[in-house]
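Structural description and commentary
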Amino acid sequence: MTNNGRGTFVDELSFLNQLRDRRASASPNFKERKITDDRAGAGFPQDQEHGPKPSEVYGFVGSITTVIATVIHLVWAYAPEPLLHSLGITYYPSKYWALAVPSVLIVLVFCMLVLYLGLNFLAMPPTSAHSTIYDEYSCEHTTFYLTEGKEKPIDLIADVRIDQINYLMFLDTNQ
């Protein structure tokens, strides 16, 4: 009797299928699983929703398409016209566009960045506005300690007032 080592594997599959059927009949919440005969997951149940996700497929196709488009663009931009004609490619845009389109795209991205920064500066309140220092979530200290070397309790989390920051940063200790 020659089974090429598959007799025990088939027995395992039938045992796992019987076990699955028992669990499915005992518990209505048991998720239906499918046992496959591939050697990578031999004997392990796999979900029926097995396979690549659509986002993975779209990413793979997008990356391959990008590589192919880049190669076509570089061949069109750098290959001399007699070589393209000898390959049977006679209908293609002017070589002017090989330099013009990337240049325009780079300038467009730069302009979009400048526009984005400008819109953010327009949406920001002026630096002299009271709302840039305090808002409805500001929590101010009731006491302020400026002692060194003494032990003091840990203060509650709160905002430090701007006059206290200026006093600490710009205090002239030489006077």
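Sequence positions are assigned chain by chain, starting from 1 and proceeding in written order. Residues qualify for local features only when their pLDDT is at least 70, as the model is predicted, and side-chain atom pairs are given and counted only at 80 or more; totals for whole chains, interfaces and linings, by contrast, use all residues. As a convention, hydrogens and water are excluded, and side-chain values are obtained from all of the structure's heavy atoms.

Going along the chain from the N terminus, every DSSP run of H or I of four or more residues is numbered as a helix, and every run of E of two or more is numbered as a strand. Scanning the protein from terminus to terminus reveals five helices and two strands. Across the 175 residues in the protein, those meeting the buried criterion constitute 9%. By sequence separation, contacts in the protein at least 24 residues apart represent 22% of the contacts at least 6 residues apart. Looking at the protein as shown, the accessible area adds up to about 15500 Å², and 64% of this sits on carbon and sulfur atoms. For the exposure calls, accessible area comes from a 1.4 Å probe over protein chains only, and a residue counts as buried if that area is under 20% of its type's maximum, exposed if over 50%, partly exposed in between. We call two residues in contact when some of their heavy atoms are within 4.5 Å. Computed with a 1.4 Å probe, the accessible areas rest on the Shrake-Rupley method; for each residue, only the protein chains presented here act as cover.

If you look at the biggest cluster of nonpolar residues, it comprises five residues: Trp 76, Ala 79, Leu 84, Tyr 92 and Ala 98. Beyond its immediate sequence surroundings of up to four residues, Tyr 92 is in contact with Trp 76, Glu 81, Leu 84 and His 85. For the purposes of this section, nonpolar cores are sets of buried Ala, Val, Leu, Ile, Met, Phe, Trp, Tyr and Cys residues that join through side-chain atoms within 4.5 Å.

What follows concerns the UniProt feature "transmembrane region" (unreviewed entry) in the protein. UniProt positions are given in the numbering used here, feature names are shortened, and annotations may be inferred rather than shown by experiment. As recorded in UniProt, the feature "transmembrane region" (unreviewed entry) lies at residues 57–76 and 96–119. Across residues 57–76, the secondary structure splits into 100% helix and 0% strand, with the terminal C-alpha atoms separated by 28 Å. The straight-line gap between the two end C-alpha atoms of residues 96–119 is 34 Å; of that span, 100% is helix and 0% is strand.

In this section: the environment of Asp 159. Here Asp 159 lies in the loop between α4 (96–123) and α5 (162–170). Under the relative-accessibility criterion, Asp 159 is labelled partly exposed at 38%. In sequence terms Asp 159 and Glu 140 are 19 residues apart; their C-alpha atoms lie 5.3 Å from each other.

Here we take up the packing of helix α2 (residues 54–78) against α4. Two quantities define a packed helix pair, namely the angle between the helix axes and the distance between the axes. Working convention: axes come from line fits to C-alpha atoms, limited for helices to the stretch in contact. Angles between N-to-C directions cover 0 to 180 degrees. Packing of α2 against α4 brings their axes to within 8 Å, and their N-to-C directions diverge by 130°. With respect to each other, α2 and α4 are oriented oblique. Of α4, the residues touching α2 (which contributes His 73, Trp 76 and Ala 77) are Trp 97, Ala 98 and Pro 102. In this count, Pro and Cys sit with the nonpolar residues alongside Ala, Val, Leu, Ile, Met, Phe, Trp and Tyr, while Asp, Glu, Lys and Arg are called charged and the others, Gly among them, polar. Taken together, the residues that form the contact of α2 with α4 break down as five nonpolar, one polar and no charged. Our angle categories are set so that under 35 degrees counts as roughly parallel, over 145 as roughly antiparallel, 65 to 115 as roughly perpendicular, and the remainder as oblique.

Together, Val 57, Tyr 58, Phe 60, Val 61, Ile 64, Ile 68 and Ile 72 make up a nonpolar patch on the protein surface, roughly 710 Å² of accessible area in all. Considering the arrangement of structural elements, one finds Val 57 in helix α2. Nonpolar side chains (Val, Leu, Ile, Met, Phe, Trp, Tyr) within 5 Å and like charges within 9 Å form the patches, drawn only from residues with over 30% relative accessible area and no salt bridge. Criterion for a salt bridge: a side-chain nitrogen of Lys or Arg within 4 Å of a carboxyl oxygen of Asp or Glu.

Glancing now at the confidence of the model for the protein. As a per-residue measure, pLDDT tells how confident the predictor is, with possible values from 0 to 100. Counting all residues, the mean pLDDT for the protein is 78, and 69% of those residues have values of 70 or more. The spread of mean pLDDT over the elements of the protein runs between strand β1 (residues 33–34), the lowest at 51, and α4, the highest at 96.

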